[in-house]
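# Structural characterization, general
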Amino acid sequence: ECVSGCVCPEGLFDDGKGGCVKEKDCPCSHNNQLYSSGEKITVDCNTCTCQEGDWSCTKDLCYGTCTIYGSGHYITFDGKFYDFDGSCEYVATQDFCGDKNSSGSFSIITENVPCGTTGVTCSKAIKIFLGKTELKLENKDYKEIQRDIGDDVQYWNRTVGLYLVIEASNGVMLIWDKKTTVFIKLTPDYKGKVCGLCGNFDDKSNNDFTTRSGMQETNALKFGNSWKQSSMCPDVTEEIKPCDVKPHRKSWAEKECSIIQSEVFKVCHSKVDPIPFYEACVHDACSCDSGGDCECFCSAVAAYAQECTKAQACVFWRTPDICPIFCDYYN
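Residues numbered from 1 in each chain as written. Predicted model: local features only at pLDDT ≥ 70, side-chain atom pairs only at ≥ 80, totals over all residues. Heavy atoms only, no water.

If you walk through the whole model with that rule in mind, you get 14 salt bridges. Where Glu138 meets Lys124, a salt bridge forms, and the shortest distance between an N and an O atom there is 2.8 Å. Here Lys124 lies in strand β13 (residues 121-130) and Glu138 lies in strand β14 (residues 133-138), a separation of 14 residues in the sequence. Judged by its relative accessible area of 17%, Glu138 is buried. For Lys124, a relative accessible area of 35% translates into the label partly exposed. In this structure, the salt-bridge partner of Lys136 is Glu138, at a minimum N-O distance of 3.6 Å. No difference in accessibility class separates Lys136 from Glu138, as the two residues are buried. Each of the salt bridges in this network shares a partner with another, and the network as a whole consists of Glu111, Lys124, Lys136 and Glu138. (Salt bridge = Lys/Arg side-chain N within 4 Å of Asp/Glu carboxyl O. Helix = DSSP H or I, 4+ residues; strand = E, 2+ residues; numbered from the N terminus. Buried < 20%, exposed > 50% of the residue type's maximum accessible area, 1.4 Å probe, protein only.)

Between helix α5 (residues 275-287) and helix α6 (residues 293-310), whose axes approach to 8 Å, the crossing angle comes to 165°. Relative to α6, the element α5 is oriented roughly antiparallel. Two packed elements cross with a definite hand, and for α5 against α6 that hand is right-handed. Contact residues: Phe277, Cys281 and Asp284 in α5; Cys296, Phe297, Ala300, Val301, Ala303, Tyr304 and Glu307 in α6. Its residues placed into classes, the contact of α5 with α6 shows eight nonpolar, no polar and two charged. (Axes fitted to C-alpha atoms, helices over the stretch in contact; angles between N-to-C directions. Parallel < 35°, antiparallel > 145°, perpendicular 65-115°, else oblique. Left-handed = near helix turned anticlockwise from the far one by under 90°. Contact = heavy atoms within 4.5 Å. Nonpolar A, V, L, I, M, F, W, Y, C, P; charged D, E, K, R; others polar.)

Before going further, it helps to examine the pairing of strand β19 (residues 182-186). Each regular strand shows side chains that alternate between the opposite faces of the sheet. Of all five residues in β19, four are buried; the element is thus mostly enclosed. Where strand β8 (residues 64-69) meets β19, five bridges bridge the pair, whose relative direction is antiparallel. In the sheet register, Gly64 faces β19, and the bridge partner there is Leu186. In this structure, strand β18 (residues 172-176) lies alongside β19, joined through five bridges in antiparallel fashion. Each bridged residue has a counterpart across the sheet, and for Trp176 the counterpart in β19 is Val182. The hairpin turn running from β18 into β19, its antiparallel successor, is five residues long, and Lys178 in that turn takes a positive phi close to 65°. (Pairing = 2+ DSSP bridges.)

Now for the sheet that holds strand β15 (residues 141-146). In spatial order, the strands read β11-β12-β13-β14-β15; together these five strands make up an open sheet with antiparallel pairing. Each of the sheet's edge strands pairs with one partner strand only, and the pair in question is β11 (89-94) and β15. Neighbour-to-neighbour, the strand axes of this sheet turn through a mean angle of 25°, independent of strand direction.

A few words now on the sheet that holds strand β10 (residues 81-83). Strands sit in the order β10-β9-β8-β19-β18-β17-β16 across an open sheet of seven strands; the sheet is antiparallel. Every other strand in the sheet has two partners, leaving β10 and β16 (155-160) as the edge strands with one partner each. Pairs of neighbouring strands in the sheet enclose a mean axial angle of 15°, with direction left out of account. Each of β8, β9 (73-75), β17 (163-168) and β19 is contacted by α6, which is oriented at about 165° to β8, the strand it contacts most.

What follows deals with the environment of Ser107. Relative to the helices and strands, Ser107 is located in strand β12 (residues 106-114). In this structure the C-alpha to C-alpha distance between Ser107 and Ala92, which are 15 residues apart in sequence, comes to 7.9 Å. If near-sequence neighbours (up to four positions away) are discounted, Ser107 is found in contact with Thr93, Gln94, Phe96, Lys127, Ile128 and Phe129.

Let us look at the layout of surface pockets. Within this model, the second largest pocket holds a volume of roughly 400 Å³. Along its surface, the second largest pocket is lined by 21 residues, and Asp83, Glu239, Lys241, Glu279 and His283 are the ones closest to its centre. Looking at the lining of the second largest pocket, the elements that each hand over two or more residues are β10, α1 (220-226), α2 (242-245), α3 (250-257) and α5. At six residues, the largest contribution of residues to the lining of the second largest pocket is made by α5. No fewer than three residues from each of domain 2 (64-226) and domain 3 (242-311) sit in the lining of the second largest pocket. (1 Å grid on protein atoms, 1.4 Å probe; cavity = no way out; pocket = protein on both sides within 12 Å on 5 of 7 lines; lining within 4 Å. Points joined across faces, edges and corners; volume = space filled by probe spheres on them. Domains from an automatic or database assignment.)

Laid out in structure tokens, this is it:
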């Protein structure tokens, strides 16, 4: 039977944009967007070219990134998102894993302290051990301490906009916003060779909850407790829900954080799931109730914006009213 509508002539194909093209000119699709034949996109550190409807990508190995931000939010090297609120020093990541005699070249420790009165914790200070050098990042500054043991590992520091960047010759990079956000980047040489709250960087997120003793855990609290530096610190026994503790802050938190799910970030929604970032934002906006509540909110939105930028979705979300930055000052 006849069906009304438009079809392409014999030998041509619908290009998804209302036109007809030859097979060699078919577009490629990525994150719900169409790209013409010959167009290039960047995915992580690789470049992909659209060729006759298929992507052809370079195969470079990329840096892995672990993110720690706000009130105990972690995104591991392999992309696992979880919350852990412990008040102690914890191993974020290190390459002293498994064998007791194995030598490692670095260790990164996060010192978490309560922020607000609900019991959630934020990263207050970061310690980086690079061979015989210890760096402590705290109070918007860092200081170097020389120890007697270990090798010489060179490192460089520079300030980039809001961030302090520490880069070491052994392939470890740390980016700190001088508040509660830390990005730890490792070269691919460390794949499967690290351990700690940031997971094991083996491209599989289902085994990231590996405890200090090498056991697989499903519970974030048991996993997190195993990585504390001092046995004197109490274990975390329950997950804190700050919006239940401070219900009067919940509606304000939801209203402020709705920017993550709004039109402002629309270009990013298909590339990075906004839900976990929105939930983390509400959690933080409820919990920071003793000053700095805007800072907590801004850090939470900035964490989503950062993931969007990584996924090639540049979003201009800061305004004079929402988390402004005085660019002239930082430049």
